[in-house]
Amino acid sequence: MRPLFAATLVLMMLAGMPSAAPALANLAPDEQNKADLVVVYKSERILQLKRAGRVLKAFPIALGREPTGPKLREGDGRTPEGVYTLDWRNPDSQFYRAIHISYPRVGESVHATRWGVSPGGQIMLHGLPNGVTAERIGHPRRDWTDGCIALTNEEIDEIWARVEDGTTIIIYP
């Protein structure tokens, strides 16, 4: 399954590459700063905002406390891997602001059910815990979430403004 997943991701990326420059040229200046794709590289602890194949901005991130491997069940401390959608927002989160990631997909739910566990589901891009500084929790040097992708409050504000609900997020190992 993993080789098929990797091949699908490569084909998706290649499909959009040739037309990147013309696509940007046809957009209004304010739309050129909006991301049409969010990409996370877990092993590098980087989140990129992209538009028409071009990196607009990159941010350092912190992940779940057990970052290696895909999320298998609620409480495992892992951050999911795969293609998801940023589907809704919480402006009053306990982690400043939060944008929900559409985990779990159907296959992930089926897998968890077969093993008799919950897949979990509140996976978010979010800021720092309310009232807590980055230095106090070691952000971003230390992975401290329960499986979410964490940024500073200033960084989540920028992402909030540049990413629409319905945007695809690809999370690589």
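The coordinates are above.
(A) View of unusual backbone geometry. Going from Tyr103 to Pro104, the amide bond is cis rather than trans, its omega being 5°. Its location among the elements puts Pro104 in the loop between strand S5 (96-101) and helix H4 (106-114). Note that the residue after His139, namely Pro140, is joined by a cis bond; omega there is -5°. Position of Pro140 among the secondary structure elements: in the loop between helix H5 (134-137) and strand S7 (149-150). Unusually for a residue other than glycine, Ala52 sits at a positive phi of about 50°. Unlike most non-glycine residues, Tyr96 shows phi in positive territory, near 60°. Here Tyr96 is to be found in strand S5. The exposure class of Tyr96 is partly exposed, given its relative accessible area of 27%.

(B) View of the pattern of salt bridges. Counting across every chain of the model gives 10 salt bridges. The residue Lys34 makes a salt bridge to Glu164 at a minimum N-O spacing of 3.1 Å. Separated by 130 residues along the polypeptide, Lys34 in the loop between helix H3 (29-32) and strand S1 (35-41) and Glu164 in strand S8 (residues 163-172) bring together distant segments of the chain. Notably, a salt bridge pairs Arg65 with Asp146, separated by 3.0 Å at the nearest N-O pair. Here the residue Arg65 occupies a position in the loop between strand S3 (54-60) and strand S4 (82-93), and Asp146 occupies one in the loop between H5 and S7, the gap between them amounting to 81 residues. The partly exposed category is assigned to Arg65, whose relative accessible area is 42%.

(C) Molecular detail of the environment of Arg78. Looking at where Arg78 falls in the secondary structure, it is placed in the loop between S3 and S4. Residues contacting Arg78, with those up to four places away along its chain left out, are Glu66, Thr68, Gly69, Pro70, Lys71, Leu72, Asp146 and Gly147. A distance of 3.3 Å separates a polar side-chain atom of Arg78 from the backbone oxygen of Pro70.

(D) Molecular detail of the sheet that holds S3. The sheet built from 8 strands is open, its strands ordered S3-S2-S1-S8-S4-S5-S6-S7 with mixed pairing. For this open sheet the edge positions go to S3 and S7, each flanked by a neighbour on one side alone. In terms of strand pairing, S5 meets strand S6 (residues 124-126) through 3 bridges, oriented antiparallel. Bridge pairing in S6 links Ala98 to His126. Relative to S5, helix H6 (residues 153-162) is tilted by about 50°, and along the sheet it contacts S1, strand S2 (46-51), S3, S4, S5, S6 and S8.

(E) Up close: the pairing of S8. Summarising the sheet, S1 and S8 pair through 6 bridges and their orientation is parallel. Of the residues in S8, the one forming a bridge with Val38 is Ile169. Two strands pair when backbone bridges link them, and S4 and S8 are joined in this way by 5 bridges, in the antiparallel orientation. Pairing of Gly82 across the sheet is with Ile171, part of S8.

What counts, and where the lines are drawn
- Residues numbered from 1 in each chain as written.
- Predicted model: local features only at pLDDT ≥ 70, side-chain atom pairs only at ≥ 80, totals over all residues.
- Heavy atoms only, no water.
- Helix = DSSP H or I, 4+ residues; strand = E, 2+ residues; numbered from the N terminus.
- Buried < 20%, exposed > 50% of the residue type's maximum accessible area, 1.4 Å probe, protein only.
- Salt bridge = Lys/Arg side-chain N within 4 Å of Asp/Glu carboxyl O.
- Contact = heavy atoms within 4.5 Å.
- Polar contact = N/O pair within 3.5 Å; in protein donor to acceptor, adjacent residues only side chain to side chain.
- Pairing = 2+ DSSP bridges.
- Axes fitted to C-alpha atoms, helices over the stretch in contact; angles between N-to-C directions.

Read these as spatial facts, not as claims about activity.
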